[in-house]
Amino acid sequence: MATAPPPSRRAPRQLQAGRQPRPVTSRKRCYGGGRAQRPVAGAARRGPVLPVRPGPHRAVPPQVRTLCYGCQLAGGALAGPQSPPSGLPGSLLAVSAQLSACRTVLRLFDDFAMLSYSCGYGLGPKDEDGLVRGLSVLCNLANQLYYPCEHVAWAADAGIIRVGSQKWWTLSTALWAFSLLLGILRSLRILFRLRRKLRQHKRTPSPLSQKEAKAQVKAEVLSILTDAADLSNAIHWLPPGFLWAGRFPPWLVGLLGTISSLIGIYQASRGGNSETV
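Predicted model, so just to flag it, every value in this text is computed and none were measured. (Residues numbered from 1 in each chain as written. Predicted model: local features only at pLDDT ≥ 70, side-chain atom pairs only at ≥ 80, totals over all residues. Heavy atoms only, no water.)

### Here's the deal with the overall build of the protein
(1) Moving on: When helices and strands are tallied, the protein shows eight helices and one strand.
(2) Moving on: In the protein, buried positions account for 53% of the 277 residues.
(3) Moving on: Within the protein, counting contacts between residues at least 6 apart in sequence, those at least 24 apart form 78% of the total.
(4) Moving on: Surface exposure of the protein reaches about 12,200 Å², of which carbon and sulfur atoms provide 68%. (Helix = DSSP H or I, 4+ residues; strand = E, 2+ residues; numbered from the N terminus. Buried < 20%, exposed > 50% of the residue type's maximum accessible area, 1.4 Å probe, protein only. Contact = heavy atoms within 4.5 Å. Areas by Shrake-Rupley, 256 points an atom, 1.4 Å probe, with all protein chains shown as cover.)

Below is the structure:
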């Protein structure tokens, strides 16, 4: 019997907003890859989030991911220690699981958008910081590998191919977690460079430059919060025994996912991430 796919992950940011790719700057380029979570109290697994910038329009708007996690948060909170949940809590968790399954299927069509973005970025602009470029390339690679791993896991659960799905879910989740960790390191590097940039502006005042730098700082801090929330969930979905894997209650998974989803919607409405550093 097929297992429910993961609560909708975030698509790599560049694909989230359904925008056409722009020349990649030092903005957050990492995709937020994703994977399906083992069913917990009726919640579905979680899947990736396409980047905010590359390629074709997103099949599902980011609001769907927010609704998915919002239902998991509400259902988990209302259910409390009740297991298995019934009534309204059970219904909310079932809705979350169905939305997650829907996103997992739609991510079957995200590979080429991710590949287009990765090829467009290549090894990064030559005028960009070397460490930022290296982290971005590794992040893109992790996200590119994430998709086929999740597709194999989905096909195994659906009975399309005869292989064990658990190892593929684990591998896809590990790739997603690695991508998120790289994204956090990348944002920290950008913040370090922005800090030095702001110090230079204090010596040679330039209101416009200072305003732009502060906007970049805000964008990177929000990106770190988003990736940290998703990374917490990704670790939770890894095999038990690794850090806090398997220890989060459904409401906490829903809370972290809702926070990261709302920040993602806010960032998309503000035009994405930070500009070149």
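### Some points on the pattern of salt bridges
(1) Moving on: Evaluation of the coordinates by the stated rule reveals four salt bridges.
(2) Moving on: Across the pair D129 and R189 runs a salt bridge whose closest N-O atoms are separated by 2.9 Å. Residue D129 is found in the loop between α4 (111-121) and α5 (130-157), and its partner R189 is found in helix α6 (residues 166-203); the two are separated by 60 residues along the sequence.
(3) Moving on: For R189, a relative accessible area of 21% gives the class partly exposed. (Salt bridge = Lys/Arg side-chain N within 4 Å of Asp/Glu carboxyl O.)

### As for the nonpolar core
(1) Moving on: One finds W176 and L231 to be the most contacted residues of the largest nonpolar core, which totals 25 residues.
(2) Moving on: Looking at this core, the elements with two or more residues in it are α4, α5, α6, α7 (207-236) and α8 (250-269).
(3) Moving on: With eight residues, α6 is the largest single contributor of residues to this core. (Core = buried A, V, L, I, M, F, W, Y, C linked by side-chain atoms within 4.5 Å.)

### Things to note about the confidence of the model for the protein
(1) Moving on: Confidence along the protein averages 77 in pLDDT terms, with 73% of residues attaining 70 or more.
(2) Moving on: Summarising per-element confidence for the protein, the mean pLDDT is lowest in strand β1 (residues 51-52) (39) and highest in α5 (93).
(3) Moving on: Counting interchain partners and residues more than four positions distant, the pLDDT-below-50 stretch residues 16-59 has 274 contacts.
(4) Moving on: In the predicted structure, residues 273-277 sits below a pLDDT of 50 and forms 27 contacts with residues beyond four places in sequence or in another chain. (pLDDT = per-residue confidence, 0-100.)

### As for α8
(1) Moving on: Along its 20 residues, α8 runs 28 Å from first to last C-alpha, staying within 8% of the 28 Å computed at 1.5 Å per residue.
(2) Moving on: Among the residues making up α8, those that are buried are P250, V253, G254, L256, G257, T258, S260, S261, I263, G264, Q267 and A268. (Expected span 1.5 Å × (residues − 1).)

### Looking at unusual backbone geometry
For residues besides glycine, phi is generally negative; the peptide bonds are generally trans as well.
(1) Moving on: Look at L243: it is not a glycine, yet its phi comes out positive at around 50°.
(2) Moving on: Counting through the fold element by element, L243 comes out in the loop between α7 and α8.

### Topic: the packing of aromatic side chains
In this description, a pair of aromatic rings is defined by centroid distance and the angle of the planes.
(1) Moving on: Evaluation of the coordinates by the stated rule reveals three aromatic pairs.
(2) Moving on: Centre to centre, the rings of W176 and W237 are 6.1 Å apart; their planes meet at 25°, and the pair counts as stacked. Note that W176 is positioned in helix α6 and W237 in the loop between α7 and α8, a separation of 61 residues in sequence. Each member of the pair, W176 as well as W237, is classed as buried. (Phe/Tyr/Trp six-rings, centres within 6.5 Å; stacked < 30°, edge-to-face > 60°.)

### Notes on the side chain of D111
(1) Moving on: Mapped onto the secondary structure, D111 falls in helix α4.
(2) Moving on: With residues up to four places along the chain from it excluded, the contact list for D111 reads Q144, Y147, P148 and H151.

### Things to note about a nonpolar patch on the surface
(1) Moving on: Together, L138, L141, L145 and F178 make up a nonpolar patch on the protein surface, roughly 350 Å² of accessible area in all.
(2) Moving on: Sorting elements by how many residues they give to the nonpolar patch places α5 first, with three residues.
(3) Moving on: Positionally, F178 belongs in helix α6. (Patch = residues over 30% accessible without salt bridge, like charges linked within 9 Å, V, L, I, M, F, W, Y side chains within 5 Å.)

### Points about the state of the cysteines
(1) Moving on: Under the counting rule described, the total for this entry stands at zero disulfides.
(2) Moving on: For the unlinked cysteine C68, the closest cysteine sulfur is that of C71, found at 7.3 Å. (Disulfide = S-S within 2.5 Å.)

### Describing the packing of helix α2 (residues 62-79) against helix α3 (residues 87-106)
(1) Moving on: Two numbers describe how α2 lies on α3: the axes approach to 8 Å, and their chain directions differ by 155°. Here α2 lies roughly antiparallel to α3, going by the angle between them. Taken as a pair, α2 and α3 cross one another with a handedness that is left-handed. Here V64, R65, L67, C68, C71, Q72, A74, G75, G76, L78 and A79 of α2 come into contact with α3, specifically with L88, P89, L92, L93, V95, S96, L99, S100 and R103.
(2) Moving on: Partitioned by chemical class, the residues of the contact of α2 with α3 number 13 nonpolar, five polar and two charged. (Axes fitted to C-alpha atoms, helices over the stretch in contact; angles between N-to-C directions. Parallel < 35°, antiparallel > 145°, perpendicular 65-115°, else oblique. Left-handed = near helix turned anticlockwise from the far one by under 90°. Nonpolar A, V, L, I, M, F, W, Y, C, P; charged D, E, K, R; others polar.)

### Description of the packing of α4 against α5
(1) Moving on: Packing of α4 against α5 brings their axes to within 10 Å, and their N-to-C directions diverge by 160°. Looking at the two axes, α4 sits roughly antiparallel to α5. For α4 against α5, the interelement crossing comes out left-handed. Counted together, D111, M114, L115, Y117, S118 and Y121 of α4 and V132, R133, S136, V137, N140, N143, Q144, Y147, P148 and H151 of α5 form the full contact between these two elements.
(2) Moving on: Classifying every residue of the contact of α4 with α5 by side-chain character gives eight nonpolar, six polar and two charged.

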